[in-house]
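So you can see what is in the structure, the chains are spelled out below.
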Amino acid sequence: MPRARIGLWLSLTLRSTRSLCRAGFMEGQPQGPPNPAGMENGTEPCGEERASEAQETTVTEGAAKIAFPSANEVFYNPVQEFNRDLTCAVITEFARIQLGAKGIQIKVPGEKDVQKVVVDLSEQEEEKAELKKGANLAPGDQPRTAAVGEICEEGLRVLEGLAASGLRSIRFAREVPGLQSVVANDASARAVDLMCRNVQLNAVAHLVHPRQADARMLMYQHQRASERFDVIDLDPYGSPAPFLDAAVQAVSEGGLLCVTCTDMAVLAGNSGETCYSKYGAMALKSRACHEMALRIVLHSLDLRANCYQRFVVPLLSVSADFYVRVFVRVFTGQAKVKASASKQALVFQCVGCGTFHLQRLGKTSGASGGRVKFSAACGPPISPECEHCGQRHQLGGPLWAEPIHDLDFVGRVLQAVSTNPGRFHTSERIQGVLSVITEELPDVPLYYTLDQLSSTIRCSTPSLLQLRSALLHAGFRVSLSHACKNAVKTDAPSSALWDIMRCWEKECPVKRERLSEASPAFRILSVEPRLQANFAVRDDANPSSRQRGLKRFQANPEANWGPRPRARPGGKAAGGAMEERRRVHQNKRKEPAEDPVQRAARLKTFPCKRFKEGTCQRGDQCCYSHSPPAPEDTAAAASPDHPKTSYQNPPGSGVAAGPGVD
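One structure accompanies this document, and this report is about it. Because the structure is a prediction, the values reported are computed rather than measured.

Reading the values: the criteria
Along each chain, numbering runs from 1 in the same order as the chain's sequence is written. Only residues with pLDDT of at least 70 are given local features in this predicted model, and only at 80 or more are side-chain atom pairs given and counted; all residues enter the totals for whole chains, interfaces and linings. Excluding hydrogens and water, the side-chain figures rest on all heavy atoms present in the structure. Helical segments are the DSSP runs of H or I of at least four residues, strand segments are the runs of E of at least two, and each set is numbered from the N terminus. Type-normalised accessible area, obtained with a 1.4 Å probe on protein chains alone, sets the label of each residue: buried when under 20%, exposed when over 50%, and partly exposed for intermediate values. We call two residues in contact whenever any of their non-hydrogen atoms come within 4.5 Å of each other. Methods summary: accessible areas were calculated by the Shrake-Rupley approach with a probe of 1.4 Å, and residue burial reflects only the protein chains presented. Two strands are said to pair when DSSP picks up at least two bridges between them. Where helices are involved, their axes are fitted lines through C-alpha atoms of the stretch in contact, as for all axes, and angles between N-to-C directions lie from 0 to 180°. Contacts described as polar in this section are N or O atom pairs within 3.5 Å, which, within protein, must combine one atom able to donate a hydrogen with one able to accept it, while residues neighboring in sequence count only if both atoms come from side chains. We define the nonpolar core as a collection of buried residues of types Ala, Val, Leu, Ile, Met, Phe, Trp, Tyr and Cys that are connected through side-chain atoms lying within 4.5 Å of one another. Side-chain rings of Phe, Tyr and Trp (the six-membered ring for Trp) are treated as a pair once their centres are within 6.5 Å; stacked means planes under 30 degrees apart, edge-to-face means over 60, and tilted covers the remaining angles. For this analysis, a salt bridge means a side-chain nitrogen from Lys or Arg found within 4 Å of a carboxyl oxygen belonging to Asp or Glu. Between 65 and 115 degrees an angle is taken as roughly perpendicular, under 35 as roughly parallel, over 145 as roughly antiparallel, and anywhere else as oblique. Left-handed is the label given to a crossing in which the near helix is rotated counterclockwise from the far helix by less than a right angle, and right-handed is the label when the rotation is clockwise. Just so you know the grouping, Ala, Val, Leu, Ile, Met, Phe, Trp, Tyr, Cys and Pro go in nonpolar, Asp, Glu, Lys and Arg go in charged, and all remaining residues, Gly too, go in polar. In what follows, a disulfide is any cysteine sulfur pair within 2.5 Å. Multiply 1.5 Å by the residue count of a helix minus one, and that product is the helix's expected span.

### Details of the overall build of the chain
- Summing up its helical and strand segments, the chain has 25 helices and 19 strands in all.
- Across the 662 residues of the chain, 45% fall into the buried class.
- Relative to all contacts within the chain whose residues are 6 or more apart in sequence, the contacts with residues 24 or more apart total 69%.
- With the model as given, the accessible surface of the chain reaches about 35300 Å², and the carbon-plus-sulfur share is 52%.

### Quick notes on the sheet that holds strand S12 (residues 344-350)
- Pairing is antiparallel in the open sheet, where 3 strands are placed in the order S13-S12-S16. If you trace the sheet from one side to the other, it starts and ends with strand S13 (356-360) and strand S16 (393-400), each paired once. Across the sheet, the mean angle separating the axes of adjacent strands is 25° when strand polarity is ignored.
- Taken together, the 5 bridges between S12 and S13 define a ladder with antiparallel strand orientation. In the sheet register, Gln349 faces S13, and the bridge partner there is Phe356.

### A look at the pairing of strand S10 (residues 310-320)
- For S10, the buried fraction is high: 10 of the 11 residues fall into the buried class.
- Of the pairings in the sheet, the one linking S10 to strand S11 (residues 323-332) comprises 10 bridges and is antiparallel in character. Looking at S11, one finds that Ser317 is bridged to Val326.
- Linking two consecutive strands that pair antiparallel, namely S10 and S11, is a turn of 2 residues; a positive phi of about 50° is found at Asp321 within it.

### Overview of the side chain of Arg310
- Along the polypeptide, Arg310 turns up in strand S10.
- Classification of Arg310 by relative accessible area gives buried; the value is 3%.
- Separated by 2.8 Å, the side chain of Arg310 and the backbone oxygen of Val248 make a polar contact.
- A distance of 3.4 Å separates a polar atom in the side chain of Arg310 from the backbone oxygen of Ser252.
- Non-local contacts of Arg310, meaning those with residues more than four positions away in its chain, are made with Arg228, Val248, Gln249, Val251, Ser252, Glu253, Ala305, Val330, Phe331, Thr332 and Val337.

### Side note on the nonpolar core
- In terms of nonpolar packing, the biggest core is built from 82 residues, with Met219, Ile232, Leu257, Leu267, Ile296 and Leu301 touching the most fellow members.
- When residues of this core are assigned to their parent elements, the largest contribution, 8 residues, is made by helix H13 (residues 289-306).
- Once residues lying within four places of it in the same chain are set aside, the contact partners of Met219 are Leu159, Ile232, Leu234, Phe243, Ala246, Ala247 and Ala250.
- Phe172, Leu316, Phe327 and Ile437 belong to the second-largest nonpolar core, a separate cluster that totals 51 residues.

### Focus on the packing of aromatic side chains
- For the structure shown, the criterion picks out 4 aromatic pairs.
- An angle of 25° between the planes, with centres 4.7 Å apart, marks the rings of Phe356 and Tyr448 as stacked. Separated by 92 residues along the polypeptide, Phe356 in strand S13 and Tyr448 in strand S17 (residues 448-449) bring together distant segments of the chain.
- The exposure class assigned to Phe356 is buried, which follows from its relative accessible area of 14%.

### Section: the pattern of salt bridges
- A full pass over the atoms with the stated rule returns 26 salt bridges.
- Among the ionic pairs, Glu154 bridges to Arg144, the shortest N-O distance being 3.0 Å. Of this pair, Glu154 sits in strand S5 (residues 151-160) while Arg144 is found in strand S4 (residues 144-146), placing the two residues 10 residues apart along the sequence.
- Under the relative-accessibility criterion, Glu154 is labelled partly exposed at 34%.

### Quick word on unusual backbone geometry
- Residue Pro380 is reached from Gly379 by a cis peptide bond, and omega for that bond is 0°.
- The residue Pro380 is located in the loop between strand S15 (372-376) and S16 in this model.
- Across the junction of Gly397 and Pro398, the peptide omega takes the value 0°, indicating a cis bond.
- Within the secondary structure, Pro398 sits in strand S16.
- Phi is positive for Asp321, close to 50°, though the residue is something other than glycine.

### Section: the packing of helix H4 (residues 81-100) against helix H7 (residues 167-175)
- The geometry of H4 relative to H7 is characterised by a closest axis approach of 11 Å and an angle of 40° between their N-to-C directions. With respect to their mutual orientation, H4 and H7 come out oblique. Considering the relative orientation of H4 and H7, their crossing is right-handed. For the pair H4 and H7, the contacting residues are Glu81, Asn83, Arg84, Asp85, Thr87, Cys88, Ile91 and Thr92 in the first and Leu167, Arg168, Arg171, Phe172 and Glu175 in the second.
- Class assignment of the residues belonging to the contact of H4 with H7 gives a composition of 4 nonpolar, 3 polar and 6 charged.

### Notes on the state of the cysteines
- All chains considered together, the criterion is met by 0 disulfides.
- Summary of cysteine pairing: Cys608 is not part of a disulfide, and the nearest cysteine sulfur, belonging to Cys616, is at 3.8 Å.
- Residue class for Cys608 comes out buried when judged on its relative accessible area of 5%.

### Some points on helix H16 (residues 427-439)
- Helix length check: H16 (13 residues) gives 18 Å between terminal C-alpha atoms against 18 Å at 1.5 Å per residue, within 8%.
- Extensive coverage of H16 is indicated by the burial of 10 of its 13 residues.
- The set of residues buried in H16 consists of Ser427, Arg429, Ile430, Gln431, Gly432, Val433, Leu434, Ser435, Val436 and Ile437.
- Those residues of H16 that are buried lie in contact with H4, S10, helix H15 (407-419), strand S18 (478-481) and helix H21 (544-547).

### Here's the deal with the sheet that holds S17
- On the basis of which strands lie adjacent, the open sheet formed by 3 strands has the order S17-S19-S18 and antiparallel pairing. Only two strands of the sheet have a single partner each, and these edge strands are S17 and S18.
- Alignment of S18 against strand S19 (residues 484-490), held across 3 bridges, turns out to be antiparallel. From the neighbouring strand, Ser479 faces S19, where its bridge partner is Lys489.

### Quick word on the environment of Leu284
- One can find Leu284 in the loop between helix H12 (272-279) and H13.
- In this structure the C-alpha to C-alpha distance between Leu284 and Phe348, which are 64 residues apart in sequence, comes to 9.7 Å.
- Those residues in contact with Leu284 that lie beyond four places of it in its chain are Ala268, Gly269, Cys289, Met292, Val347, Gln349, Gln394, Leu395 and Gly396.

See below:
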C-alpha cells in the first residue's frame, strides 16, 4: 500500500508540474477554440494549429457564407455549384408537393415579385380578389404558409450524410422553405467543428444540427417509420455504393433520395469488374456511356430497395461535368416490387459498328381477373454475330430500362427556375439542361452519336439537322440527349438507321478500295439500302432549346475544371504543390514525341538487314545504315570463349556481309 500511495503522489505531482509548464509556455499565445481533431487523437491544440485556422478562406455561394481551410483539410469543390443549385430547386418543388397535400403553402424568395411583374396589368384586380377572399375566411381558416429560415412543424426532415463544410445544409436552411430540421453529418471531427462555426456564422442553428457519426450507422439508426428522413442527400467523394443500402431504408415513404456519383471512370466502362462489384452491373465502353451510367445507378438503387420490399421512382437524372446525379422517390409495395425485374435489361453491343440491343430480364402479361402475371423474358434478341458488320457482341448490364425522368416534375422545376432566374447563380444552365431533358424521348434508352455513325463507315459527317430530318421523313421519332451534344436518340431500328447512313454515303462517296473486306464499313456499305432517305431539312428537326440558344452544354470555364483532391489531414495535397504534382505526372505513361532529325540519326546507327542479304533497293534513301561494321567493333562483339576470328570481308571486296554478322 505505501508503494502504491507513493506512486500515485508522484504521478499527480508530475501532472501538475506538466500543466504549469504548459500554461507558462502558452501564455501570450493567441487563444482560440479547441481543435476536436487534436483532442480526438489525445493531443492538445498547439500554436501551429491555431495559425492554420487563421488562414481560413470565406466563400459566398447562394445565400450562404462559409469559412473553410485554405489547406485541403475539409473537402470543398466550387465546380459543383450547379449541383447544389439544382438540388435546392428540386427539394423546393418536392416540398411544394408534399406540404401542399397538407394545406401548407411555401413562400420562395423572389417568386411573388416576379409573378407581379409578369401579370402587372391585373395586379389591382388580384389584390381585390385576395382581400375579398381573406374577408370571407374565418380566423381559424387562414391558409398556413412556410417561409425560408423558419421551422415548419410539419415540414421536411433532411439529412446530408457527408456534409464536409456544411455548405449544402446551410443553403437548404437559407433557401428552401418548409423544412423542419436539417441534420448535417460528417465522420471528420475537423469538418464538424467547421460546420458548427459556419452554422453560427449564418444564424441557422435553429434548423441545422451538425452531427459527427458514420453516415451508414446514422441512417441504420433511423430505420423506424417514425424516425426516417424525408430527404436524404448523398454526395460522397467517389462512389456512393457503401451508403446505398442504409439510405433506401432510412428514407420515408415517398421520400426523396438524392445521390451523386463521381467515379465516372468506373461507370463509363473503363473497369467493368469494378463497376459490377460496386453497382451490380457490367459497364461497357460506349458513346452512350453517360446515360448508361445513370441507368446503372438507378438499377443499383432499385436492386437494394427491393431487398426491403421497396422500389424507386426516378424524378430527375442528370449527367453533368464529371459526375452523375439522380433524384428518386422511394416507396413500399410488395406487388410493385415484383415488376422490378421487367424494368431491368441487359445490353448487347456490337464491337464493330456499335449497334446495341436491349433484353429485358422479365416480362409482365395480363391474366384472368385483371391480374398481372410475371415471368422470365425470352431471348436473346440477336444472333451471335452482328447482322450489319458480322462482328461479335459484348454483354453489359443489367441497367434501368424505364424512363429516367418524371417529365411533369421536371416541368415544374423548369417553370419555377424560369420565372425566378435571380434565385440561383447557375439558373441559365439549369434552364438549358432541363429544357433538353423535357425534349428527350422518355421511352428510348441510350443513343447513337453523329461521329460514331459516320466514322464507322468512314464517310463525312452529316449535320445534326440533316440526320434528324431524314429520321423524321422516314416516320420515326428523334430527340437529343442532355448527356451528349452529338447524341441521336431515336426509336428507329438499327437497320433503318444504317440505311439512312448508306444513302448519305452515296451523296458523299467513300473510296471502297481503301476499305478492308473484313472491316465493318465494307460490310455495311456492301448492302444496298432498302430505305430511301430524304435529307431535306424540316422545321421541326431543330429542337426548341437549340433555337432559343439556351446554355445546354457548358464549356469548361477555367483550367483544371473537374474533381478536386480528396480532403487529407493537414491539407498536404492542396495548393501549389498539387499543381506541380499534376504537371509532373501529366502524360507520364506516354513517350515524348521524338524529333525527326534525332530519329533519323538514331536509325542510321542500325545496320540494314536487307542490305546484308543483298536485297535492299533503296540505296541512299534507306533509313538504316548500309556501311559495313568496323573490324574493331566486330572483334569487340566476339565472345571471350571463342577465338577472335574476324568475319569481316576485306575492304573493297564488294561482297556483302553474311547474315550472321551484326
